[in-house]
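Breakdown of the fold
Listed below, chain by chain, are the residues.
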Amino acid sequence: MTVHIPFAGAAAFVMSALVAYFVFKASRRTHPGPPGAGDLVGSITAGAAVFAVLYTLLSTNLAAGPTEEAGPSERAPVVSNTTTPTTAN
């Protein structure tokens, strides 16, 4: 089975992975602790936030076609209220 990944989703994933990588690399220099340790949770959070924002911005209505109105294709006739109603005796 082939799963089609839209371009917006793939681009958002690649950008979020790059942001997470660079945040992790930058945190290695400033993270207090043993050398080589970085802020893994912070980098994953930054990557997830970037993915959420980019996917929301890039995928809004890209694949949605024109929406059609649900219901009958013909409009109901307009009813005129100019006549007076008859009264029943």
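Whatever comes next refers back to the structure up there.
Quick caveat, the model's predicted, so the values are computed rather than measured. Sequence order as written defines residue numbering, which begins from 1 separately in each chain. Predicted model: local features are reported for residues with pLDDT of at least 70 only, side-chain atom pairs are reported and counted for 80 or more only, and whole-chain, interface and lining totals are derived from all residues. Side-chain descriptors were evaluated using all non-hydrogen atoms of the structure, hydrogens and water having been removed beforehand.

**Notes on the overall build of the protein**
Threshold: Going along the chain from the N terminus, every DSSP run of H or I of four or more residues is numbered as a helix, and every run of E of two or more is numbered as a strand. Working definition: with a 1.4 Å probe on protein chains only, accessible area under 20% of the residue-type maximum means buried, over 50% means exposed, and in between means partly exposed. Any two residues whose heavy atoms approach within 4.5 Å are treated as being in contact. Values of accessible area rely on a 1.4 Å probe in the Shrake-Rupley scheme; residue burial ignores everything except the protein chains shown.
Scanning the protein for helices and strands turns up two helices and zero strands. Looking at the 89 residues of the protein, the share that counts as buried comes to 10%. Across the protein, every contact between residues at least 6 apart in sequence was considered, and the portion connecting residues at least 24 apart equals 50%. When the accessible surface of the protein is summed, it comes to about 7,900 Å², and 66% of that surface belongs to carbon and sulfur atoms.

**With respect to helix α1 (residues 7-30)**
Our working rule: Helices are assigned an expected span. That span is 1.5 Å times one less than the residue count.
Here α1 is 24 residues long and its end C-alpha atoms lie 35 Å apart, about the 34 Å a rise of 1.5 Å per residue gives. For α1, the set of buried residues is A8, G9, A12, S16, A20 and S27. Those residues of α1 that are buried lie in contact with α2 (40-58).

**Digging into the side chain of S27**
Short version of the rule: In protein, a polar contact means a hydrogen-donor-capable atom and an acceptor-capable atom, both N or O and within 3.5 Å, with residues adjacent in sequence counting only if both atoms are side-chain atoms; elsewhere, any N or O pair within 3.5 Å suffices.
Relative to the helices and strands, S27 is located in helix α1. Here the side chain of S27 touches F24 through a polar contact of 2.9 Å, landing on its backbone oxygen.

**A short note on the environment of M15**
Structurally, the position occupied by M15 is in helix α1. Judged by relative accessible area, which is 42%, M15 ranks as partly exposed. In this structure the C-alpha to C-alpha distance between M15 and G47, which are 32 residues apart in sequence, comes to 8.2 Å. With sequence-adjacent residues up to four places away left out, M15 is seen in contact with V50 and L54.

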